[in-house]
Amino acid sequence: MPKIIAILNATGNQGSGLIRAFLSPNSSQKNDYKVRALTRNITSPAAQELQSSYGPSQLELVQADVYDVESLRKAFKDVDGVFAATNNRLPGKKIETEDEMRHELVAGRNIVDAARGCDVSHMVLSSLPNINRASNGRFSKVFHFDHKNTIEEYAKKELKAVTVLWPGLYYSNVAWPQYCRKLEDGIVRFCAPASGDVRADWVDAAHDIGVFAAAIFTKGPTAIGNKTYPVVSPKICFSDLARIFESKTGKKAIFDPISLDEWGSTVAAAAGKGYEEDIRQMMEWIGVAPGEKVCYGTMERGEDRSWEELGVRASTFEEWLERSGWRGPE
Ligand SMILES: NC(=O)c1ccc[n+]([C@@H]2O[C@H](COP(=O)([O-])OP(=O)(O)OC[C@H]3O[C@@H](n4cnc5c(N)ncnc54)[C@H](OP(=O)(O)O)[C@@H]3O)[C@@H](O)[C@H]2O)c1
């Protein structure tokens, strides 16, 4: 019998990647799993596209809302596993105060409580490291990391087996205006608020997280139940984004950092004022985090056992450019 896996963020980057890893025509696992794709709205274009891509025998759409624990309980009934990711953003709404960021904790608690109520035997949880702890209290407002880490601790305490993924920065972020702009002369300007020689860990979120999570479900909870795997490619410098982009696309590109103030206000304009200090502190930490450690400077390189234990690795920027077809801002 195929195993049933309930997948949150099914219409988003992370969940859709796991669905593809399980069910795409060239997947070796496509007969081993059935997907229960959770969405707030099963009639949305994104949900309907999933349904038509994989068909009802492989994928069932189920309505669930992470702020409605009862809907999660129904969605997790009789599943063999749950892939869970939480969101710091609220769709269609700006976060105006730092306190509002706590909605992610509510969602995480609901997910874990519902999974415990349904006796879920294995959860793969997309989380992030605790930056307050890693920075010895210097950066205490990186809520979208620390809240995930709090959810992770709660999940490990409450559930039978929780395997944790810590994704790097999304390559797809570079398509956002705070990371990349086209100048009037046509030059593509990569512009994070960090010096060009700062190295960071990146990921093809819509691909790599799915590949990692599929490998984890296949290994099962007994083998790797309570481990944590960073989903990060070998670190690259911020200036490498421009260098690699130019060599791949033939388009002239430079790295030209912006100030933290400009960065914070661009993000706040899009996501809300309550998120501004969070995203500023995240970048400040990336600028000073120990370069020899992986995953936002929080893990010794040798602690990353994903290749040895799962046989998977995260994509390079070159691979993401190829896969996504992104050719810079218009
Ligand atoms: N950007 C980065 O560099 C980066 C790096 C590491 C981690 N992250 C983390 O990644 C997370 C975002 O994950 P993603 O990229 O997969 O998301 P995404 O592509 O933005 O999609 C959001 C997903 O959340 C679902 N969703 C929204 N509200 C919901 C609710 N109330 N109940 C149930 N589902 C809901 C949406 O489903 P429906 O619309 O179908 O309901 C959609 O599938 C964030 O927490 C972020 O912190 C980001």
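Residues numbered from 1 in each chain as written. Predicted model: local features only at pLDDT ≥ 70, side-chain atom pairs only at ≥ 80, totals over all residues. Heavy atoms only, no water.

Engineer: I'd like to hear about the packing of aromatic side chains, residue by residue, with values.
Structural biologist: Remark: the centre distance and the inter-plane angle together describe each pair of aromatic rings, the angle taken between the planes. Applying the stated criterion across every chain yields a total of 16 aromatic pairs. Ring centres of Y171 and F317 lie 5.5 Å apart, and the angle between their planes is 35°; on these two criteria the pair is classed as tilted. One end of the pair, Y171, is in the loop between β7 (169–170) and β8 (180–182); the other, F317, is in helix α13 (residues 317–324), and 146 residues separate them in sequence. Of the two residues, Y171 and F317, both sit in the buried class. On the numbers, 6.3 Å between centres and 75° between planes, the contact of F190 with W326 is edge-to-face. (Phe/Tyr/Trp six-rings, centres within 6.5 Å; stacked < 30°, edge-to-face > 60°. Helix = DSSP H or I, 4+ residues; strand = E, 2+ residues; numbered from the N terminus. Buried < 20%, exposed > 50% of the residue type's maximum accessible area, 1.4 Å probe, protein only.)

Engineer: An account of the layout of surface pockets is needed here, citing residue identities and associated values.
Structural biologist: Size it by volume and the largest pocket reaches roughly 1400 Å³. Considering the residues around the largest pocket, the lining is formed by 50 residues, among which N9, T86, N87, N88 and R89 are closest to the centre. When contributions to the lining of the largest pocket are tallied by element, the ones reaching two or more residues are α1 (13–23), β2 (33–39), α4 (103–117), α6 (143–158), β7, α10 (260–271) and α11 (276–288). The biggest single contributor to the lining of the largest pocket is α10, with 5 residues. (1 Å grid on protein atoms, 1.4 Å probe; cavity = no way out; pocket = protein on both sides within 12 Å on 5 of 7 lines; lining within 4 Å. Points joined across faces, edges and corners; volume = space filled by probe spheres on them.)

Engineer: Could you give an account of the side chain of D113, with specific residues and numbers?
Structural biologist: Of note, D113 is situated in helix α4. The exposure class assigned to D113 is buried, which follows from its relative accessible area of 18%. Leave out the neighbours within four places in its chain, and D113 touches V69 and Y154. (Contact = heavy atoms within 4.5 Å.)

Engineer: How would you sum up the UniProt feature "domain: NmrA-like" (unreviewed entry) in the chain? Please name residues and give values.
Structural biologist: Mapped onto this numbering, the UniProt entry gives "domain: NmrA-like" (unreviewed entry) at residues 3–321. From the first C-alpha to the last, residues 3–321 spans 33 Å; its make-up is 40% helix and 17% strand. (UniProt positions renumbered as here; feature names shortened; annotations may be inferred.)

Engineer: How would you sum up the site of the ligand? Please name residues and give values.
Structural biologist: Around the ligand, 26 residues are found, and the nearest of them are T11, T39, R40, T86 and N88. Residue T11 places a side-chain N or O atom 2.6 Å away from an oxygen atom belonging to the ligand. A distance of 3.0 Å separates an oxygen atom of the ligand from a polar atom in the side chain of N87. Its free accessible area being 950 Å², the ligand has 83% of it covered by the protein chains. Taken together, the elements giving at least two residues each to the shell around the ligand come down to α1, α6 and β7. By residue class, the composition of the shell around the ligand is 10 nonpolar, 12 polar and 4 charged. (Near = heavy atom within 4 Å. Polar contact = N/O pair within 3.5 Å; in protein donor to acceptor, adjacent residues only side chain to side chain. Areas by Shrake-Rupley, 256 points an atom, 1.4 Å probe, with all protein chains shown as cover. Nonpolar A, V, L, I, M, F, W, Y, C, P; charged D, E, K, R; others polar.)

Engineer: Can you lay out the sheet that holds strand β3 (residues 59–63) for me, pointing to particular residues and giving the numbers?
Structural biologist: In spatial order, the strands read β3-β2-β1-β4-β5-β6-β12; together these 7 strands make up an open sheet with parallel pairing. The sheet terminates laterally at β3 and β12 (228–231), the two strands that pair on one side only. Within the sheet, the average angular offset between the axes of one strand and its neighbour, ignoring direction, is 20°. Bridge count for strand β1 (residues 3–7) against strand β4 (residues 81–85) is 3 bridges, and the pairing is parallel. Its bridge partner lying in β4, A6 is registered against V82. On the sheet, helix α7 (residues 205–219) packs against β1, β2, β4, β5 (123–126), β6 (162–167) and β12 and is oriented at approximately 160° with respect to β6. (Pairing = 2+ DSSP bridges. Axes fitted to C-alpha atoms, helices over the stretch in contact; angles between N-to-C directions.)

Engineer: Could you give an account of the packing of helix α9 (residues 238–249) against α13, naming the residues involved and the relevant values?
Structural biologist: Relative to each other, α9 and α13 sit at 50°, their axes nearing to 10 Å. Classified by the angle their axes make, α9 and α13 are oblique. Like other packed secondary-structure pairs, α9 and α13 cross with a definite hand, here right-handed. Every residue of α13 that contacts α9 at L241, I244, F245 and K248 is listed here: F317, E318, L321 and E322. Broken down by class, the residue content of the contact of α9 with α13 amounts to 5 nonpolar, no polar and 3 charged. (Parallel < 35°, antiparallel > 145°, perpendicular 65-115°, else oblique. Left-handed = near helix turned anticlockwise from the far one by under 90°.)

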